[in-house]
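# Descriptive analysis of the structure
What follows is the residue order along each chain.
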2 protein chains.
Amino acid sequence: MITKLIDVTTIPGIHWYPNGQTALSGIPLMLASALDRLFQSWAAQYDAKEYQFPPFIPAHELARLDYFRSFPHLVTFPITLDPGEANLSRFAEGEPMNAAGELQLTIPSPISNVMTPAACYHCYVRHQGETMHAPTYLTTRATCFRRESVYAPLERQWSFSMREIVCIGTADEVKAFLKHFQQHIDEFFQQLRLPIEWKAANDPFFNPSHNPKYLAQKLDPVKTEMVFQNHLAIGSINFHRNYFGEAFGIRRDGKEAFTGCVAFGIERWLFACLAQFGTEYALWPAPFRQGA
Amino acid sequence: MITKLIDVTTIPGIHWYPNGQTALSGIPLMLASALDRLFQSWAAQYDAKEYQFPPFIPAHELARLDYFRSFPHLVTFPITLDPGEANLSRFAEGEPMNAAGELQLTIPSPISNVMTPAACYHCYVRHQGETMHAPTYLTTRATCFRRESVYAPLERQWSFSMREIVCIGTADEVKAFLKHFQQHIDEFFQQLRLPIEWKAANDPFFNPSHNPKYLAQKLDPVKTEMVFQNHLAIGSINFHRNYFGEAFGIRRDGKEAFTGCVAFGIERWLFACLAQFGTEYALWPAPFRQGA
């Protein structure tokens, strides 16, 4: 249950849309950009290579993860109309939208893509079938899409910005990478007196009691969340074991590669920092304003 | 018809996906970022306010423009499954994807949004119903979505990045703004010896001979494109008259506001500059590298 710590919709530069999305301008946009620069500076500690990935992921790539059975409730699909002229005319010349604002589509084209649900999936798709001769570090910022039953500005949105830093390597290389970041980020929180607790978590599987992946996660947690004020997970550290290495045929040191990632929800960090430090840009701690 | 000036898929850091999208890394990503910084510096000449808009536009907002009748062939819709547990189970427990990689969706939720087709629409939605007491300048970069029958890397993509600089004002204010940018950009092209011609153009209406909007554009062109090597439109200057002011109830100086925009297709600029200047970052003209 989300309880409001602050009402961010009263802050100039945060524009909330009833469809579960926000526009940013002014100070909030400056702060969101500064947060991402901070995460990029952390990625640079590992010389992580920056990628800008496309907004869609081919469905057949996500199917390797059994994604559609695990998260059918979250996923958003991009669809278009079948391009036959008769089909388009039937849509265009009828009533494309009803009085409730709902589109009345005619026949769709085949649906073969998914809106990015998590930034790091792109990294494994990109490197599929490769043999890595050294640990590989990547970083990307992506707009991610998750349908929820209730949305709240900055806290829980249909679309949101996620920065990830990813390691593909041996089990030990990935563990060292994740350990470094947990320590580094924890010191950062303490230095800034940002009230964050680390908590083990599970991914939000559909029908969890029937899903062996959920049960495996419960027995051996792979996700540790950064929880602000016992209220909002603003990021997470994830150890995937060889799950993606196996699914995408990525090898390292003669075996399926291990992977791990550090993920930052940019709108949620913005929420936490606005709640903690207020809306005066000049009063935000210096590390958040660097490079502005 | 697209004829290849260069094969960009051989350039390291450009990763083409068969679904009509690209990932960028390395030098191409640095160049794309430098291009956007250049456009932002031009927006700053007018103190244009920067916005980061969401990826969706509510369908009822686009319906004000009769968008679904004019561009049904281009539009991409985000859809989700009806969240009822039986419906999700039917999808998840069946065969979510067939052997051709096509998803076999069960009942969708009502479809009330559209993937952003052009960055500047967000500006008029955002300021709808307002009375402007001065000319208003805005800028935004958005991922835009247009379904095409054929895609080509950087040149014609299902999704691409568009930077726009927008003016909302009186007819004279908008005309002065557009004239300034046409001159400024033209001088820039000449200074850099980038072979660009300005050409009047029309929007790609569905069934154009039946669409009064197409006929109006033909009689009085509103779009002037920056065409590279007689081959690829990399940007455009658009005078919308009071079309958006009327549709969204925006007023200026006692009348419906006029609007205009300057639009830059970032992947297409990248294509033109790679074709013209090559792939050595250091050999690109200085204005493209500033702030890197």
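Residues numbered from 1 in each chain as written. Chains lettered and ligands numbered in written order. Predicted model: local features only at pLDDT ≥ 70, side-chain atom pairs only at ≥ 80, totals over all residues.

## Observations concerning the nonpolar core
Here is the rule: We define a nonpolar core as a collection of buried residues of the types Ala, Val, Leu, Ile, Met, Phe, Trp, Tyr and Cys that are connected via C-beta atoms lying within 7 Å of each other. We call a residue exposed when 12 or fewer other C-beta atoms sit within 10 Å of its C-beta, buried when the count reaches 20 or more, and partly exposed for counts in between; the C-beta positions come from the backbone. Contacts are defined on C-beta atoms placed from the backbone: any two residues whose C-beta positions lie within 7 Å are in contact.
Among the nonpolar cores identified, the biggest contains 157 residues, and M162, V166 and L270 of chain A together with M162, V166 and L270 of chain B are the most heavily contacted of them. Other than its neighbours up to four places away in sequence, M162 of chain B contacts A118, A119, R141, A142, C144, A263, F264, G265 and I266 of chain B.

## Observations concerning the sheet that holds strand 14 (residues 255-256) of chain A
Strand pairs in the sheet, formed through backbone hydrogen bonds, run parallel or antiparallel to each other. Condition: Pairs of strands are assigned from DSSP output, requiring at least two bridges between the strands. Only DSSP runs of H or I covering at least 4 residues are called helices, and only runs of E covering at least 2 are called strands; the numbering of each starts at the N terminus.
Taken in spatial order, the 3 strands of this open sheet run 7-13-14 (chain A), and their pairing is mixed. One side of each edge strand has no neighbouring strand; the edge strands of this open sheet are strand 7 (131-132) and strand 14 of chain A.

## Focus on the pairing of strand 15 (residues 258-265) of chain B
All names here are of chain B. For strand 15, the tally of buried residues reaches 8 of 8 residues, placing the bulk of the element in the interior. Burial along strand 15 is two-sided: the face carrying F258, G260, V262 and F264 and the face carrying T259, C261, A263 and G265 are both buried. The pairing of strand 9 (residues 159-169) with strand 15 spans 8 bridges and is classified as antiparallel. Pairing of I165 across the sheet is with V262, part of strand 15. Relative to strand 15, strand 12 (residues 232-239) runs antiparallel, the two sharing 5 bridges.

## Looking at the pairing of strand 11 (residues 223-228) of chain A
All names here are of chain A. Summarising the sheet, strand 10 (residues 196-201) and strand 11 pair through 6 bridges and their orientation is antiparallel. Of the residues in strand 11, the one forming a bridge with A200 is T224. As judged from the 6 bridges shared by strand 11 and strand 12 (residues 232-239), these two strands associate in the antiparallel manner. Across the sheet, the residue bridging to F228 is L232, located in strand 12. Turn length for the strand 11-strand 12 hairpin, with the two strands adjacent in sequence and antiparallel, is 3 residues, and the turn residue Q229 shows positive phi of about 50°.

## Looking at the interface of chain B and chain A
Each partner contributes to the interface: chain B provides 53 residues, whereas chain A provides 53 residues. Of the residues forming the side of chain B that touches chain A, the biggest block, 5 residues, is contributed by strand 2 (residues 21-25) of chain B. Where strand 2 (residues 21-25) of chain A and strand 3 (residues 49-52) of chain B come together, 2 bridges link them in antiparallel fashion. Residue pairing in the sheet places L24 of chain A in a bridge with Q52 of chain B of strand 3 of chain B.

## Remarks on the relation of the copies chain B and chain A
What relates the two chain copies is a rotation about an axis together with a slide along it. Applicable threshold: When the copies are superposed, the least-squares fit takes in the C-alpha atoms of residues with a pLDDT of at least 70 in both.
Overlaying chain B with chain A gives an RMSD of 0.0 Å, the required rotation being 180° about an axis along which the chain moves by 0.0 Å. Put plainly, the chains are arranged around a two-fold axis. For chain B, the minimum C-alpha distance to the rotation axis belongs to P78 of chain B and amounts to 2.4 Å. Comparing contact sets, 100% of the residues at the interface of chain B also lie at the interface in chain A, consistent with an isologous, same-surface contact.

## Considerations on the packing of helix 1 (residues 26-44) of chain A against helix 9 (residues 266-277) of chain A
All names here are of chain A. Cut-off, in case you're wondering: Only the stretch in contact is used when a helix axis is fitted, and all axes are lines through C-alpha atoms; the angle between N-to-C directions ranges over 0 to 180 degrees. A crossing counts as left-handed when the near helix is turned anticlockwise from the far one by less than a right angle, and as right-handed when that turn is clockwise. For this scheme, ten residues count as nonpolar: Ala, Val, Leu, Ile, Met, Phe, Trp, Tyr, Cys and Pro. Four count as charged, namely Asp, Glu, Lys and Arg, and the remainder, Gly too, count as polar.
Two elements in contact, helix 1 and helix 9, have axes whose closest approach is 10 Å; the angle formed by their N-to-C orientations is 115°. Crossing of helix 1 against helix 9: the hand is right-handed. Within the contact between the two elements, helix 1 uses P28, L31, A32, L35 and D36 and helix 9 uses I266, W269, L270 and C273. Across the contact of helix 1 with helix 9, the residue classes break down as 8 nonpolar, no polar and 1 charged.

Coordinates in, geometry out; function isn't part of it.
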